[in-house]
Amino acid sequence: GGERGTVYQRLVTLMAAGWVEQLQDGSFRLSLRAVQVAHAALEQASLGSRMLPVMQRLVTEVGETASLAVLDGDEARIVQRVESDELLRADSKLGSSLSLDNSATGRVLVAFADAERIAGWRERGVALPEAAMLAQVRRDSFAVSGSRVAGISASGAPVFDTAGRCYAALSLVGPANRFDAGKSREALIRAAEQITRMIQGKEQ
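In what follows, the accompanying structure is described.

Thresholds applied
- All chains use their own residue numbering, which begins from 1 and follows the written sequence.
- Owing to the predicted nature of the model, reporting of local features is limited to residues with pLDDT of at least 70; listing and counting of side-chain atom pairs is limited to 80 or more, with chain, interface and lining totals taken over all residues.
- Side-chain calculation: all heavy atoms of the structure are included, whereas hydrogens and water are not.
- Only DSSP runs of H or I reaching four residues or more are called helices, and only runs of E reaching two or more are called strands; each is numbered from the N terminus.
- Here the term buried applies to any residue with accessible area under 20% of the maximum for its type, exposed to any over 50%, and partly exposed to those in between, with areas from a 1.4 Å probe on protein chains only.
- Polar contacts, as counted here, are pairs of nitrogen or oxygen atoms within 3.5 Å of one another; within protein the pair requires one atom able to donate a hydrogen and one able to accept it, and residues that are adjacent in sequence qualify only if both atoms are side-chain atoms.
- Any two residues whose heavy atoms approach within 4.5 Å are treated as being in contact.
- Axis definition: a line fit to C-alpha positions, over the contact stretch in the case of helices; interaxial angles, taken between N-to-C directions, run 0 to 180 degrees.
- When an angle is under 35 degrees it counts as roughly parallel; over 145 it counts as roughly antiparallel; between 65 and 115 it counts as roughly perpendicular; any other value is oblique.
- Residue polarity follows a fixed list, in which Ala, Val, Leu, Ile, Met, Phe, Trp, Tyr, Cys and Pro are nonpolar, Asp, Glu, Lys and Arg are charged, and the others, Gly among them, are polar.
- For two strands to be treated as a pair, DSSP must find at least two bridges joining them.
- Grouping buried Ala, Val, Leu, Ile, Met, Phe, Trp, Tyr and Cys residues that are joined through side-chain atoms within 4.5 Å yields what is termed a nonpolar core.
- Centres within 6.5 Å make a pair out of two Phe, Tyr or Trp rings, where for Trp the six-membered ring is used; the pair is then stacked when the planes are under 30 degrees apart, edge-to-face when over 60, and tilted otherwise.

A word on the side chain of Glu64
Here is step 1: Tracing the backbone shows Glu64 in the loop between α3 (47–62) and β3 (65–72).
Here is step 2: Looking at Glu64, the relative accessible area reads 6%, which means it is buried.
Here is step 3: A distance of 2.7 Å separates polar atoms of two side chains, one belonging to Glu64 and the other to Arg178.
Here is step 4: Those residues in contact with Glu64, other than ones at most four positions away along the chain, are Val59, Ser84, Leu172, Val173, Gly174, Pro175, Arg178 and Phe179.

As structure tokens, this is what we get:
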């Protein structure tokens, strides 16, 4: 209901602060700047509730916890999660942040990030995976965690938006002494591709 110029200036301010992003068609939407905003953006597009069944089927199939994470500044942040029914499971909570360097999720998000964003991380001294590893992740559309922090292992796969940009990373995580990234790889990639089709409007 406000004046066009005033509304636009406010949107520019929000964009500069990282809370809003402009799409190619000129429209605006909430960014995934924080967990609360991420949930609002997911639910506004009815994506949050639609992704859950895919993630639940993945968890049932492989028996490990599944998470969906997005970039939040210099970290990856979990915005959707489905727990495994196993008594012994990885405890990475909704809203938890993950490193871009050693986490499977971070490696996926960095591998498919644009060159400008990667350059910004390097300028700020953010620890990133080596170039050879990023090339492998791009080639395979799959990554594994680099360190078994607290006995936890993980794998990740990219989810893409309508413009073909990496929108999020879908991951599986479990106790290192049980988790086998290779055995669950096909199921994880298949689930990530299904969520991509949902985002792109190719699947209901």
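From this point on, the discussion continues.
Quick word on the packing of helix α4 (residues 104–111) against helix α6 (residues 131–140)
Here is step 1: Orientation of α4 relative to α6, taken along the N-to-C sense of each, is 85 degrees, at an axis distance of 9 Å. Taken together, α4 and α6 sit at an angle that is classed as roughly perpendicular. On the side of α4, the interface is formed by Arg107, Val108, Val110 and Ala111, while α6 contributes Met133, Leu134, Val137 and Arg138.
Here is step 2: Each residue belonging to the contact of α4 with α6 can be placed in one class, and the counts come to six nonpolar, no polar and two charged.

What to know about the sheet that holds strand β5 (residues 97–98)
Here is step 1: Spatially, the six strands line up as an open sheet ordered β5-β4-β3-β8-β7-β6, and their pairing is antiparallel. Of all strands in the sheet, those bounded by a partner on one side alone are β5 and β6 (143–144).
Here is step 2: Bridging between β6 and strand β7 (residues 152–160) involves two bridges; their strand directions are antiparallel. Residue pairing across strands places Val144 opposite Ser155, the latter belonging to β7.
Here is step 3: On the sheet, α4 packs against β3, β4 (75–82), β5, β6, β7 and β8 (166–175) and is oriented at approximately 160 degrees with respect to β8.

Some points on the nonpolar core
Here is step 1: Grouped together as the largest cluster of nonpolar side chains are 27 residues, with contacts concentrated most on Met55, Leu58, Leu68, Val159, Leu170, Leu188 and Ile195.
Here is step 2: The greatest single-element share of this core, amounting to nine residues, is contributed by helix α7 (residues 181–199).
Here is step 3: Apart from the residues lying within four places of it in its own chain, the contact partners of Leu68 are Met51, Met55, Arg77, Ile78, Val79, Gln80, Val159, Ala168, Ala169 and Leu170.
Here is step 4: If you look at the next biggest cluster of nonpolar residues, it comprises 18 residues, including Val108, Leu109, Ala113 and Val137.

Observations regarding the packing of aromatic side chains
Here is step 1: Under the defined criterion, the tally for this structure stands at two aromatic pairs.
Here is step 2: Measuring from centroid to centroid gives 6.4 Å for Tyr8 and Phe28, while their planes differ by 70 degrees, and the two rings are edge-to-face. Residue Tyr8 is found in helix α1 (residues 4–17), and its partner Phe28 is found in strand β2 (residues 28–30); the two are separated by 20 residues along the sequence.
Here is step 3: Using a relative accessible area of 41% as the deciding quantity, one classes Tyr8 as partly exposed.
Here is step 4: Their ring planes at 85 degrees and their centres at 5.3 Å tell us that Phe112 and Phe160 sit as a pair that is edge-to-face. Of the two residues, Phe112 is situated in the loop between α4 and α5 (115–123) and Phe160 in strand β7; the sequence distance between them amounts to 48 residues.
Here is step 5: Since its relative accessible area comes to 22%, Phe112 is described here as partly exposed.

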